[in-house]
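# Examination of the molecular architecture
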Amino acid sequence: MKKIYAMVAEGTEECELLNVVDIARRAGIDTEIVSISGKTVKTSHGVVVTADKTVDEVNLTDCDLLFIPGGMPGSKNLADCDKLISAVGGMIKAGKRVAAICAAPALVLSEHGFLEGKRATCFPAFEDRMRGAVVTGGRVETDGLITTARGLGCAIELGLEIVSLLCGAELAAEIRQKIVF
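To start, this report covers the structure provided alongside it. (Residues numbered from 1 in each chain as written. Predicted model: local features only at pLDDT ≥ 70, side-chain atom pairs only at ≥ 80, totals over all residues. Heavy atoms only, no water.)

### Comments concerning the sheet that holds strand β6 (residues 65-68)
- If you trace the seven strands from one edge of the open sheet to the other, you get β5-β2-β1-β6-β7-β11-β10, paired in mixed fashion. Bordering the open sheet on either side are β5 (53-54) and β10 (140-143), each of which pairs with just one other strand.
- Inspection of the sheet shows strand β1 (residues 3-8) paired to β6 by three bridges, in the parallel sense. Bridge pairing links A6 to F67 in β6.
- Helix α1 (residues 14-26) rests against β1, β2 (30-35), β6 and β7 (97-101) of the sheet, and its axis sits at about 155° to β2. (Pairing = 2+ DSSP bridges. Helix = DSSP H or I, 4+ residues; strand = E, 2+ residues; numbered from the N terminus. Contact = heavy atoms within 4.5 Å. Axes fitted to C-alpha atoms, helices over the stretch in contact; angles between N-to-C directions.)

Take a look at the structure:
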C-alpha cells in the first residue's frame, strides 16, 4: 500500500491540507497528517486540526510521498523545521516524491535549493522567491520527483495528480468522476 505523510504546522492552509488528504484517502492511500509541533494545530483560518502523528513519532522518509501544504505562517513554520527539510532531501535522494502547494514551493522547497532548474509553480505573490526554478504559472506541475501547485483553487487537482503518480491515471480518473470534478 502506498503511503503519504501530509505535513501540518500552526498557520497551515487547512483546505489545501484536507483536500489533498481527502483525495488520497479516497484512492486507498495510507495518508497520515504529521504535525511539526503538537497533535492539535490551529490552521491559518482558525480551524483546529488534530494530527495523526507528530514529526517526532515518524521517520518522514518512510513514505512514498511527502506533502507540504501552504498557507501563512504555516509555510514559514514548515520551512523552519530542520527535520522536514532534511526529509525532503532524503526523499529526493531515495527517488521518492515530494509535493507542495501555494507558498510552500517557494518557502520550503525553493528557499532550500530543491527546485533548481525544475519546472514549478506556486502562489503568485511568492513567484519572486522561486530561486532557480522555471516558474510556469501553471495550476499543477510535475517535474521529476517534485510536484507543485499554485494555491487552494488547485488543491483537488494536486490530489488527483498525486493519485495518478502513485496509483495510476485510471484510478485518478475514477475519483475525478466520483467527486464530479
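### Some remarks on the packing of helix α5 (residues 155-167) against helix α6 (residues 169-178)
- Direction vectors running N to C along α5 and α6 enclose 150°, while the axes themselves pass 7 Å from each other. When the interaxial angle is binned, α5 and α6 end up roughly antiparallel. Along this stretch, α5 crosses α6, giving a crossing that reads as right-handed. Contacts between α5 and α6 pair L160, V163, S164 and C167 from the former with A169, L171, A172, I175 and R176 from the latter.
- Taken together, the residues of the contact of α5 with α6 sort by class into seven nonpolar, one polar and one charged. (Parallel < 35°, antiparallel > 145°, perpendicular 65-115°, else oblique. Left-handed = near helix turned anticlockwise from the far one by under 90°. Nonpolar A, V, L, I, M, F, W, Y, C, P; charged D, E, K, R; others polar.)

### Here we look at the pattern of salt bridges
- What the rule picks out here adds up to 13 salt bridges.
- Between K39 and E57 there is a salt bridge, and its shortest N-O distance comes to 3.8 Å. Here the residue K39 occupies a position in the loop between β2 and β3 (40-42), and E57 occupies one in the loop between β5 and β6, the gap between them amounting to 18 residues.
- Residue K39 is classed as partly exposed on the basis of its relative accessible area of 37%.
- When the shortest N-O distance is used, the salt bridge between R150 and E127 registers 2.8 Å. Of this pair, R150 sits in the loop between β11 (146-149) and α5 while E127 sits in the loop between β8 (119-120) and β9 (134-135), and the two are 23 residues apart along the sequence.
- The class for R150 is partly exposed, based on a relative accessible area of 22%.
- On the basis of relative accessible area, E127 is assigned to the partly exposed category, the value being 28%.
- It is possible to trace a salt-bridge network through shared partners that takes in K3, D30, E32 and K53. (Salt bridge = Lys/Arg side-chain N within 4 Å of Asp/Glu carboxyl O. Buried < 20%, exposed > 50% of the residue type's maximum accessible area, 1.4 Å probe, protein only.)

Read these as layout, nothing more, since geometry by itself doesn't imply function.
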